[in-house]
Amino acid sequence: MSNVTIIIPCFNEEQRLEVLQFRKHAILHENHRFLFVNDGSSDRTAFILDDLKASDPNKFDVLHLSHNQGKAEAVRQGMQHAMKANVDYVGFWDADLATPLDMIPEFAKQLDQIPQLSLVIGARVKLLGRQIERQQLRHYLGRIFATAASVVLKLPIYDSQCGAKLFRVTPECQTLFATPFLTNWIFDVELLARARQLEKFFQCPSLEETVYELPLTKWMDVAGSKVKPHDFLKAFFELCSIYWSYLRPSIKAPFAALPADTAPETIRKAA
């Protein structure tokens, strides 16, 4: 049975954190572990998380950041921390549980059954028989952005921004999180752009072969979301930055800021 660690980035989540849901899931799935990253919260989030860890240190861990650094950096530091342990799969989930925790075994199942997969992404596809509840404006803005991201990445991805993702722990995965992201709102797209660079410069398998989008059976907008409609405008500017930094044809080297000792070949030798 594969071991799974899920990163939960938290910033002022005192009113939305469903502690009982995490406790219940931990009881039902002995091979699942949660790492909560407290991103410099100013409310009682830190106390709630420390209490949860104290209740079962084998299932719950907390990483406290000294000040608010944004979701992208909270996820990155959490992923780095989790991948140091003996774990098969590491992913991240939104703290508001818009994607229910009972989808985690479904994500892991795909990685278990298809060895060539490196990443499973949740896809919020509104189909008959599925409970996908999303504000209409956010849905249509999201579809416009998803189309633009697909064009920039040259990848037929439906939902790059779903907050539920699970990675197979590999040297390539470690490389993706080795340096801070240039973007914050759409670091999910930047991750895929970094993977495109690994394809180009290190002959890694293509995203079309290694990424799987799993349609969710349930997803809902949760009150208190920090993403607002005007943030989609910021996202388009960040998308331009991603193209210029990673995907334009004249790029000569991968990960300009990536230290030499964390290049994929070196990580493979150390793995």
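Here, every reference points to the structure presented above.
One structure accompanies this document, and this report is about it. Computed from a predicted structure; not experimentally measured. (Residues numbered from 1 in each chain as written. Predicted model: local features only at pLDDT ≥ 70, side-chain atom pairs only at ≥ 80, totals over all residues. Heavy atoms only, no water.)

Thoughts on the overall build of the protein chain
The condition that has to hold: In this text, helices come from DSSP runs of H or I with a minimum length of four residues, and strands from runs of E with a minimum of two, each type numbered from the N-terminal end. In this description the radius of gyration comes from C-alpha coordinates, and the expected globular size is given by 2.2 Å times residues to the power 0.38. A 1.4 Å probe rolled over the protein chains alone gives each residue an accessible area, and that area as a share of the maximum for its type sets the label: buried under 20%, exposed over 50%, partly exposed in between. Here, residues are in contact when the closest pair of their heavy atoms is within 4.5 Å. Each accessible area is a Shrake-Rupley result for a 1.4 Å probe, and residues are judged covered by the shown protein chains and nothing else.
The helix and strand inventory of the protein chain stands at 10 helices and nine strands. The globule rule puts the C-alpha radius of gyration for 271 residues at 18 Å, and the 18 Å found for the protein chain is close to it. Seen through its C-alpha atoms, the protein chain measures out along the principal axes to roughly 50 × 45 × 40 Å. Each of the 271 residues in the protein chain was classed as buried or not, and the buried ones make up 51%. Sequence-distant contacts in the protein chain: of pairs separated by 6 or more residues, those separated by 24 or more amount to 81%. When the accessible surface of the protein chain is totalled, it reaches about 13200 Å², and 56% of it is carbon and sulfur.

Details of the packing of aromatic side chains
Put simply, the rule reads: Classification of ring pairs rests on two measures: the distance between centres of Phe, Tyr or Trp rings, Trp counted by its six-membered ring, which must be within 6.5 Å, and the angle between planes, read as stacked under 30 degrees, edge-to-face over 60 and tilted in between. The criterion is that NZ of a Lys, or CZ of an Arg, lies within 6 Å of the ring centre and within 35 degrees of the ring normal, and then a charge sits over that ring.
Evaluation of the coordinates by the stated rule reveals 12 aromatic pairs. Ring centres of Phe 92 and Phe 167 lie 6.2 Å apart, and the angle between their planes is 35 degrees; this geometry places the pair in the tilted category. Within this pair, whereas Phe 92 is found in strand β4 (residues 89-92), its partner Phe 167 is found in strand β7 (residues 165-168), the two being separated by 75 residues in sequence. The pair Phe 92 / Phe 167 is uniform in exposure class, with both members buried. On the basis of an interplanar angle of 75 degrees and a centroid distance of 5.5 Å, the ring pair of Phe 145 and Phe 236 is categorised as edge-to-face. Of this pair, Phe 145 sits in helix α5 (residues 136-153) while Phe 236 is found in helix α9 (residues 231-247), placing the two residues 91 residues apart along the sequence. Ring pairs connect the aromatic residues Phe 92, Phe 167, Phe 177, Phe 181 and Phe 187, which therefore count as one cluster. One Lys or Arg, Arg 124, reaches over the ring of Trp 219 and ends 4.9 Å from the middle of that ring.

Some words on the sheet that holds strand β2 (residues 32-39)
As a reminder of what qualifies: Paired strands are those between which DSSP finds at least two bridges. Each axis is a line fitted through C-alpha atoms, taken for helices only over the stretch in contact, and angles between the N-to-C directions span 0 to 180 degrees.
Across the sheet, which stays open at both edges, the seven strands sit in the order β3-β2-β1-β4-β7-β5-β8 with mixed pairing between neighbours. The open sheet is flanked by β3 (60-65) and β8 (211-215), the only strands paired with a single partner. Adjacent strand axes in the sheet meet at a mean angle of 20 degrees when their direction is disregarded. Pairing analysis gives six bridges linking β2 to β3, with the strands arranged parallel. Residue pairing for β3: Val 37 is matched across the bridge by Leu 63. The strands touched by helix α1 (residues 19-28) are β1 (4-10), β2 and β3; relative to β2, the strand with the most contacts, the crossing angle is about 150 degrees.

Comments concerning the nonpolar core
What counts here: To qualify as a nonpolar core, a set must consist of buried Ala, Val, Leu, Ile, Met, Phe, Trp, Tyr and Cys residues joined through side-chain atoms within 4.5 Å.
Counting residues in each nonpolar core, the largest one holds 43 residues, and the members touching the most others are Ile 7, Met 79, Phe 92, Phe 167, Phe 177, Val 189 and Leu 191. Residues contacting Met 79, with those up to four places away along its chain left out, are Ile 7, Val 90, Gly 91, Phe 92, Phe 167 and Phe 177. Listed in part, the 35 residues of the second largest apolar core include Tyr 89, Leu 117, Ala 164 and Leu 166.

Topic: helix α4 (residues 104-113)
Every α-helical turn comprises 3.6 residues, leaving residues that sit three or four positions apart pointing alike. This is how it is decided: In this description, one arc is meant: the one made by directions from the helix axis to the C-beta atoms.
Listed as buried for α4 are Ile 104, Phe 107, Ala 108, Gln 110 and Leu 111. Each buried residue of α4 sits inside an arc of 150 degrees when the element is viewed along its axis, so together they form one side.

Some points on the side chain of Asp 96
Going by this rule: Polar contact is the term for a pair of N or O atoms within 3.5 Å; when the atoms are in protein, one must be able to donate a hydrogen and the other to accept it, and sequence-neighboring residues count only if both atoms are side-chain atoms.
Secondary-structure assignment places Asp 96 in the loop between β4 and α4. Owing to a relative accessible area of 13%, Asp 96 belongs among the buried residues under this scheme. Reaching out from Asp 96, the side chain makes a polar contact with the side chain of Arg 16 at a distance of 3.4 Å. Here the side chain of Asp 96 touches Ala 98 through a polar contact of 3.0 Å, landing on its backbone nitrogen.

Focus on helix α2 (residues 45-55)
Residues of α2 that are buried: Thr 45, Ala 46, Ile 48, Leu 49 and Leu 52. The buried side chains of α2 occupy one side of the element, clustering within an arc of 165 degrees when seen end-on. Residues of α2 that are exposed and point more than 90 degrees away from the buried face comprise Phe 47 and Ala 54.

Some words on the pairing of β2
Short version of the rule: Throughout, right-handed denotes a crossover for which the path from the first strand over the helix to the second runs clockwise when the strands point away from the viewer.
Within β2, seven of the eight residues are buried, leaving the element largely enclosed by the surrounding structure. Pairing of β1 with β2, which is carried by seven bridges, proceeds in the parallel orientation. Note on β2: the bridge partner recorded for Ile 7 is Leu 35. A crossover connection joins β1 to the parallel β2 through α1; in handedness this β-α-β unit is right-handed. As for the winding sense of the linkage, the β-α-β connection from β2 through α2 to β3 is right-handed.

Here we look at the pattern of salt bridges
Any two side chains of opposite charge can pair if their charged atoms end up close together. The condition that has to hold: One speaks of a salt bridge when a side-chain nitrogen belonging to Lys or Arg is within 4 Å of a carboxyl oxygen belonging to Asp or Glu.
With the rule as written, the count across this model stands at 14 salt bridges. In this structure, Asp 96 engages Arg 16 in a salt bridge whose closest nitrogen and oxygen atoms are separated by 3.4 Å. Within this pair, whereas Asp 96 is found in the loop between β4 and α4, its partner Arg 16 is found in the loop between β1 and α1, the two being separated by 80 residues in sequence. Via salt bridges that share partners, Glu 13, Arg 16 and Asp 96 belong to a single interconnected network.

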